[in-house]
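# Coordinate inspection notes
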Amino acid sequence: MRILLTLAMIALILLCAYGMLHGWRKRSRRQAAELPPFPAAPAGLSTVEPLLPPETGVYVGTTAAENWVDRITVADIGHRAEATATLYPEGLLLDRIGASPLWIDAGTIRDARTARGLAGKVVGNNGLLVITWAHGEHLLDTGFRGDDKTGYSDWIAAITQRKAANESA
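Quick caveat: nothing in here was measured; it's all calculated off a predicted structure.

### Remarks on the overall build of the protein
If you tally the helices and strands in the protein, you get two helices and nine strands. Taken from N to C terminus, the helices and strands of the protein fall in the order α-β-β-β-β-β-β-β-β-β-α. Taken along the three principal axes of its C-alpha coordinates, the protein extends 70 × 35 × 30 Å. For the protein, buried positions account for 37% of its 169 residues. Looking at the protein alone, contacts between residues at least 24 apart form 61% of all its contacts between residues at least 6 apart.

### Some words on the environment of Ala 165
You can see Ala 165 is positioned in helix α2 (residues 152-168). Owing to a relative accessible area of 30%, Ala 165 belongs among the partly exposed residues under this scheme.

### With respect to the nonpolar core
If you look at the biggest cluster of nonpolar residues, it comprises 25 residues, and the most contacted ones within it are Phe 38, Ile 131 and Trp 155. The set of elements that each furnish at least two residues to this core consists of β2 (81-88), β3 (91-96), β4 (102-105), β5 (109-115), β8 (128-135), β9 (138-146) and α2. Not counting residues up to four positions away in its chain, the partners in contact with Ile 131 are Leu 92, Ile 109, Asp 111, Ala 112, Leu 140, Asp 141, Thr 142 and Ile 159. By size, the runner-up hydrophobic cluster in this structure holds six residues, among which are Val 60, Leu 118, Leu 128 and Val 130.

Conventions used here
Residues numbered from 1 in each chain as written. Predicted model: local features only at pLDDT ≥ 70, side-chain atom pairs only at ≥ 80, totals over all residues. Heavy atoms only, no water. Helix = DSSP H or I, 4+ residues; strand = E, 2+ residues; numbered from the N terminus. Buried < 20%, exposed > 50% of the residue type's maximum accessible area, 1.4 Å probe, protein only. Contact = heavy atoms within 4.5 Å. Core = buried A, V, L, I, M, F, W, Y, C linked by side-chain atoms within 4.5 Å.

Rendered as structure tokens:
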């Protein structure tokens, strides 16, 4: 009897895992049809002086701006990863370890703020730096949890300043 119960529990766990994987893949296909391809970082970026020193931390994820738990899962954008965030005059580069880099062009950035959670990860009061940006016709929020959260105000000020410079140009 105990073996049957154990096998039933294993089958239930496998069924749940299959359902989650199927849902993730279905969401990825739907979003791939709705969203344009994500841009690549411009060539020669390593020769440009960053606006702020690079910040290490964790890329939390990207969501629809209207819904902080609606994770974008296209390609590997939905995967959390250790990352280094670097702000250039041309945009923001999230160089993710074990995943493709995420480039956010300066002209697409709409807002920068702190938040307590994004993409199903809640980290406490103002623990995330969240960048709102336009991707095609969609507004997205990208979350980054820096190792040094005391610098978030510098990041927000620099991004806001860059956004104002782009609007006046």
